[in-house]
Amino acid sequence: MNLSQKRKIWKVKSMDKALIDLLFMSQKRRDLLLLLRYGGKTIEEIVDALNVNPTGMLPQIKKLKDEHLVLQEDREYRLTPLAEILVEKMEPLLDTLQVIEENNGYWQERDLTALPRNFLERLNELKFCFLVRPDPDNIFEPPAVFLENIGKSRKILSFSSIFHPIFSEMFLTNQDDDTEITLIITGKIYERLKTDFGKELKLYLATENKRLFLCTDEIKIAMLVKTERFMAADFLTSKGSFDQETIIGFEPAALRWAEDLILHYRKHAQEI
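Residues numbered from 1 in each chain as written. Predicted model: local features only at pLDDT ≥ 70, side-chain atom pairs only at ≥ 80, totals over all residues. Heavy atoms only, no water.

Visitor: I keep staring at the side chain of Arg29 and nothing clicks. Help me out?
Guide: Take Arg29: it is sitting in helix α2 (residues 27–36). Reaching out from Arg29, the side chain makes a polar contact with the side chain of Gln60 at a distance of 2.7 Å. (Helix = DSSP H or I, 4+ residues; strand = E, 2+ residues; numbered from the N terminus. Polar contact = N/O pair within 3.5 Å; in protein donor to acceptor, adjacent residues only side chain to side chain.)

Right, here's the structure in full:
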């Protein structure tokens, strides 16, 4: 590689870093770009929406205008076509970073090898979820927020690779006949149900709106639950243990993520 080629590469890298810094190194610029994604705004609307003062915002707008990311039409500021593409790609990345940073220790300790790549790429859909840790006084019970919402749900979709102490109570014996339940379980759970809860299992299978699927693959996810009200996800730790730390979400995007993942595993399961 000659000197001219090295200079060209260095120049490209410098331009890339300058653009990355422009997009990510200022909270004001980042918030402005995301705001303008939904249409043009006047300076008054920008100041009001972002809770900033004009003196601090105008220099940031100038920097974006100089780099042809923002243009001004009359009194409104808008994204350029180039900026629209960048912001469209930037928002999911920022949301993913937020998901990880809010519970960084949790995600670092999880075994996520069972998650297909496309679901890892959709981790941003868990943006408004929160982490619930077990109550030391009720270590063998799911979180209160889980119990409250599962009891009010009428359409339950669940995957489980572990046998929780109240598994049978939640899904086999304590649901109204009109509650629609679909369970996907692993072979070990199925054998446990047949041995210890044979009567309840037969009653469950005899009910029209109750379905059971057997997944023969080894899935390293403790439990997934999605209903019309909420979603919950329990991932095993990197050491393969179940510590009962649960991700809970109520937003449509999180519910869709959990439902799609459970249905993904159902495709590889056999109905009992």
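Visitor: Sorry, what's going on with the nonpolar core here?
Guide: One recurring pattern in soluble globular proteins: nonpolar side chains tend to sit buried together. Judged by nonpolar contacts, the single largest core of 30 residues is most densely connected at Leu126, Ile221, Met231 and Trp257. Put simply, the parts of the chain that give this core at least two residues each are α6 (104–109), β5 (155–160), β7 (210–215), β8 (221–227), β9 (231–235) and α12 (252–267). Looking at this core element by element, the count peaks at seven residues for α12. Beyond its immediate chain neighbours, meaning those up to four positions away, Ile221 contacts Ala114, Leu115, Phe159, Ser161, Asp234, Phe235, Leu236, Leu261 and Tyr265. (Core = buried A, V, L, I, M, F, W, Y, C linked by side-chain atoms within 4.5 Å. Buried < 20%, exposed > 50% of the residue type's maximum accessible area, 1.4 Å probe, protein only. Contact = heavy atoms within 4.5 Å.)

Visitor: Hey, could you run me through the side chain of Thr186 in this one?
Guide: Locating Thr186 in the fold gives a position in strand β6 (residues 180–186). When near neighbours in sequence (up to four residues on either side) are disregarded, Thr186 contacts Phe159, Ser160, Ser161, Leu214, Cys215 and Asp217.

Visitor: Is there a simple way to think about the environment of Ile43 in this case?
Guide: On the secondary structure map, Ile43 appears in helix α3 (residues 43–50). Here Ile43 falls in the buried class, since its relative accessible area comes to 17%. Apart from the residues within four sequence positions on either side, Ile43 is in contact with Met57, Leu58, Ile61, Arg75 and Tyr77.

Visitor: Teacher, can you tell me more about the packing of aromatic side chains here?
Guide: Here the distance between the centres and the angle between the planes together describe a pair of aromatic rings. Summed over the entire model, instances satisfying the criterion amount to eight aromatic pairs. With a centroid separation of 5.2 Å and an interplanar angle of 80 degrees, the aromatic rings of Tyr106 and Trp107 are classed as edge-to-face. A centroid spacing of 5.7 Å and a plane angle of 25 degrees characterise the contact between Phe163 and Phe197, whose relative ring orientation is stacked. Taken together, the residues span a long stretch of sequence, with Phe163 in the loop between β5 and α9 (167–173) and Phe197 in the loop between α10 (187–196) and α11 (198–206) at a distance of 34 residues. (Phe/Tyr/Trp six-rings, centres within 6.5 Å; stacked < 30°, edge-to-face > 60°.)

Visitor: I would appreciate a short explanation of α10 in the present structure.
Guide: Note on helix geometry: an α-helix contains 3.6 residues per turn, so any two residues three or four positions apart are oriented the same way. For α10, the complete set of buried residues consists of Ile189, Tyr190 and Leu193. Buried residues of α10, seen end-on, are gathered within an arc of 100 degrees and therefore sit on one face of the element. Exposed positions of α10 whose direction lies more than 90 degrees from the buried face are Lys188 and Thr195. (Arc of directions from axis to C-beta.)

Visitor: Please clarify how the sheet that holds β8 should be interpreted in this entry.
Guide: For sheets, the rule is that strands pair by backbone hydrogen bonds, running either parallel or antiparallel. Sheet architecture is open: eight strands sit in the order β4-β10-β9-β8-β5-β6-β7-β11, paired in mixed fashion. The outermost strands of the open sheet, each flanked by one partner alone, are β4 (130–132) and β11 (269–271). Averaged over all pairs of adjacent strands, the angle between their axes in this sheet comes to 20 degrees, without regard to strand direction. Bridge analysis of β6 against β7 gives six bridges, and the strand direction is parallel. By the bridge assignment, Ile181 is partnered in β7 with Lys210. The strands touched by helix α8 (residues 144–152) within the sheet are β4, β5, β8, β9 and β10 (246–249), with β8 carrying the most contacts at an inclination of about 45 degrees. Strand contacts of α10: β5, β6 and β7, with the helix running at about 115 degrees to β6, the strand carrying the most contacts. (Pairing = 2+ DSSP bridges. Axes fitted to C-alpha atoms, helices over the stretch in contact; angles between N-to-C directions.)

Visitor: Would you mind going over the confidence of the model for the chain with me for this structure?
Guide: Should pLDDT be low for a region, the predicted coordinates there are not to be read in detail. Averaged over all residues, the pLDDT of the chain is 83; the fraction at 70 or higher stands at 85%. Across residues 3–16, where pLDDT falls below 50, the model places two contacts with residues more than four positions away in sequence or in other chains. (pLDDT = per-residue confidence, 0-100.)

Visitor: Whenever I open this one, the sheet that holds strand β2 (residues 70–73) confuses me. Can you help?
Guide: One open sheet accounts for three strands, arranged β1-β3-β2; its pairing is antiparallel. What marks the edges here is a single partner per strand, and that holds for β1 (41–42) and β2. Relative to strand β3 (residues 76–79), β1 is paired through two bridges, and the arrangement is antiparallel. Paired with Lys41 across the strands is Tyr77, a residue of β3.

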